[in-house]
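Below are the chains, spelled out letter by letter.
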Amino acid sequence: MKGWCLKMKFINLLKKELAELINKQMILGLLLTLAILMIVGQVMTEAIDTVTESAYSINLMDADDTDFSHEIVDTLKKMEDSSSNKIKLKLIEKSDADYSSLMEKNNLNSLIIIPEGFSEKVEAFDKSAELESVSKIKSASSLGTLNADTSDSISVIQDIVSNKILADKGLSASEIASAEAPFKVNSTTVVGEKSSAIPMQNIVSNMTAQNMIIPIIIFILVIYTSQMIVSAISTEKIDKTLETLLSAPVSRVSVLGSKMLAAAIVALINAAVYMLGFSKFVSGATSSISSETLDDAMSVSNAMEQLGLKLTTGDYVLIGIQMFLTIMISLSVSIILGAMVNDAKSAQTIIMPIMMCAMIPYMISMLTDINTLNPTIKTLVYAIPFTHTFTAMNNLMFGNDKLFIIGIIYQALLFIICMFFAIRLFNSDKIFTASLNFGQKSKFKKPKKVSE
């Protein structure tokens, strides 16, 4: 009987602890997390489907127009018709237009050109034989650049050419080696109306190293500043020092402004430190190049400048302005949320909405180009104010200036709205009684007077 009583006491204690931990806030957090994962999963599905489809697409222009090049095209057509292959061949008419116009006219992200004289050089085992590879970059995201990669298509064509040479001729050992690598690839990268004779992979690796800094810093700062201001407001409210502070002979707007400005200054100091630290980290990770590749590294820098992918000082100032607006929005929302806190436990979880709003655009922008999403998801993602800051560098780099300006205006308006509600809350007595308790009893609400 005594053992049974001990078990019942333990079960009752367990129920009590579970009742405190499994509350409506936790359930809401789980639902928000599930929604985020579902949205990101849908985005990933669309992005991977696009990449998978483009991986089997071969966009080919036959500028050589010989029997040899015709056989390459015919073999690709047979592979396309074969049920065992997923190849989709798109033939582009011969044109003397520049690469940018050619890609724009035919709505292409990648193109392989068989140039004039290619067949003659290959059949003569001339090592100067080259295919021309053209890739168009529209974003710096990891999945967004894969649909412009021509390496798989070139490998298919190389196998076709090698097999044809080996089948047509009895070859020596040196000739077999030449047949296995029958041509070189002359790569060109296109960005907007500009082009540069450099492989896309070199540009992408350089951009990835640069673009990983800003999103990481923004994500850390949003979470850090939100937690900082929520803790400050909630602690003063719980300890009853907020009432004393707001009763002092100074306007409440001044109190609010000093808290936000102090938090913003601390956040900007952290931003500068993080920016410096991460930039040194990235430069250190990417600068370990040997003397043989130094010229290639220099050509990448020149190519990025030629393609207009290098940001100016003015661009970095604009990114800084948008980053500041992001911090101020998170601070203004955090002040309102901090005023709703009942206890220390609530203070730890109440910034979850801000965290989720930062996590969605952070994860999506690192994986794919938001501008390529379907209109519904794209609108929902851009409705999150932090999205515009995560995509700021990408938009400025690829000439989406209009979208960048719209983002700054949207963030400025949202900041004004959030500040309006924060000021109204601070100027009223609701700052002492406000609570986001999801049905739980708030210890800040004043008891109602009992009628006599």
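Residues numbered from 1 in each chain as written. Predicted model: local features only at pLDDT ≥ 70, side-chain atom pairs only at ≥ 80, totals over all residues. Heavy atoms only, no water.

## So, a negative patch on the surface
Side chains of D67, E120, E123 and D126 sit close together on the surface and give a patch of like negative charge. Following the sequence through the fold, E123 ends up in helix α5 (residues 118-123). Under the relative-accessibility criterion, E123 is labelled partly exposed at 40%. (Patch = residues over 30% accessible without salt bridge, like charges linked within 9 Å, V, L, I, M, F, W, Y side chains within 5 Å. Areas by Shrake-Rupley, 256 points an atom, 1.4 Å probe, with all protein chains shown as cover. Salt bridge = Lys/Arg side-chain N within 4 Å of Asp/Glu carboxyl O. Lys, Arg positive; Asp, Glu negative; His and termini not counted. Charge placed at Lys NZ, Arg CZ, Asp CG, Glu CD. Helix = DSSP H or I, 4+ residues; strand = E, 2+ residues; numbered from the N terminus. Buried < 20%, exposed > 50% of the residue type's maximum accessible area, 1.4 Å probe, protein only.)

## Here's the deal with helix α16 (residues 375-383)
Looking only at α16, the buried set comprises I377, V381 and Y382. Looking down the long axis of α16, one finds its buried residues gathered within 125 degrees of arc, a one-sided arrangement. Turned more than 90 degrees away from the buried face of α16 sit P375, T376, T379 and L380, all of them exposed. (Arc of directions from axis to C-beta.)

## Regarding the confidence of the model for the protein chain
Across the protein chain, the average pLDDT comes to 76, with 73% of residues at 70 or higher. Counting interchain partners and residues more than four positions distant, the pLDDT-below-50 stretch residues 285-294 has three contacts. Segment residues 438-452 is flagged for pLDDT under 50; beyond a separation of four residues in sequence, or across chains, it makes 18 contacts in the model. (pLDDT = per-residue confidence, 0-100. Contact = heavy atoms within 4.5 Å.)

## Notes on the sheet that holds strand β6 (residues 194-196)
If you trace the six strands from one edge of the open sheet to the other, you get β2-β1-β3-β4-β5-β6, paired in mixed fashion. Edge positions in the sheet fall to β2 (88-91) and β6, since each has one partner strand and no second. Here the strands of the sheet are splayed against their neighbours by 25 degrees on average, with no regard to which way each runs. Bridge count between strand β4 (residues 130-136) and strand β5 (residues 184-191): seven bridges; the pairing is parallel. Counterpart to S135 in the pairing with β5 is T189. Of the strands in this sheet, β1 (57-62), β2 and β3 (110-114) touch helix α3 (residues 67-81), which is tilted by about 140 degrees from β2. (Pairing = 2+ DSSP bridges. Axes fitted to C-alpha atoms, helices over the stretch in contact; angles between N-to-C directions.)

## Comments concerning unusual backbone geometry
Peptide bonds are mostly trans, and most non-glycine residues show a negative phi. Residues other than glycine seldom take positive phi values, yet D65 does so here, at roughly 55 degrees. Take D65: its relative accessible area is 52%, and that puts it in the exposed class. You will see that N107, though not glycine, has its phi angle at about 55 degrees, which is positive. Its location among the elements puts N107 in the loop between α4 (99-105) and β3.

## Some thoughts on the packing of aromatic side chains
Counted under the stated rule, the structure contains three aromatic pairs. Arranged with centres 5.9 Å apart and planes meeting at 50 degrees, the rings of Y362 and F390 form a pair that is tilted. Taken together, the positions of Y362 in helix α15 (residues 352-367) and F390 in helix α17 (residues 385-390) put the pair 28 residues apart, joining distant regions of the chain. Looking at F390, the relative accessible area reads 6%, which means it is buried. By way of ring pairs, the aromatic residues F219, Y362 and F390 are connected into one cluster. (Phe/Tyr/Trp six-rings, centres within 6.5 Å; stacked < 30°, edge-to-face > 60°.)

## Some thoughts on the packing of helix α9 (residues 213-238) against helix α13 (residues 313-338)
Orientation of α9 relative to α13, taken along the N-to-C sense of each, is 30 degrees, at an axis distance of 8 Å. Looking at the two axes, α9 sits roughly parallel to α13. Crossing angle aside, the handedness with which α9 passes α13 is right-handed. Side by side, α9 and α13 meet where I214, I218, L221, V222, T225, S226, I229, V230, I233 and S234 of the first sit next to M323, T326, I327, S330, L331, S334, I335 and G338 of the second. Within the contact of α9 with α13, the residues separate by chemical class into eleven nonpolar, seven polar and no charged. (Parallel < 35°, antiparallel > 145°, perpendicular 65-115°, else oblique. Left-handed = near helix turned anticlockwise from the far one by under 90°. Nonpolar A, V, L, I, M, F, W, Y, C, P; charged D, E, K, R; others polar.)

## Overview of the pattern of salt bridges
By the definition in use, this model includes two salt bridges. For the salt bridge of E116 with K94, the shortest nitrogen-to-oxygen distance reads 3.0 Å. Here K94 lies in the loop between β2 and α4 and E116 lies in the loop between β3 and α5, a separation of 22 residues in the sequence. With a relative accessible area of 48%, K94 lands in the partly exposed category. The partner of E104 in a salt bridge is K136, with the nearest N and O atoms 2.9 Å apart. Taken together, the positions of E104 in helix α4 and K136 in strand β4 put the pair 32 residues apart, joining distant regions of the chain. Residue class for K136 comes out buried when judged on its relative accessible area of 9%.

## With respect to the packing of α13 against helix α19 (residues 401-426)
Axis separation between α13 and α19 bottoms out at 9 Å; the angle between their running directions is 25 degrees. In terms of orientation, α13 lies roughly parallel with respect to α19. Where α13 crosses over α19, the handedness of that crossing is left-handed. Taken together, the residues that form the contact of α13 with α19 break down as 19 nonpolar, five polar and no charged.

## Here's the deal with the environment of C418
Of note, C418 is situated in helix α19. Residue class for C418 comes out buried when judged on its relative accessible area of 12%. Counting along the chain gives 88 residues from C418 to S330, while the straight-line C-alpha distance between them is 9.3 Å.

## Describing the side chain of S187
Tracing the backbone through its elements, the reader meets S187 in strand β5. Accessibility expressed as a relative area gives 17% for S187, which makes it buried. Dropping the residues within four chain positions of it, S187 is found in contact with S133, S196, A197, I198 and P199.

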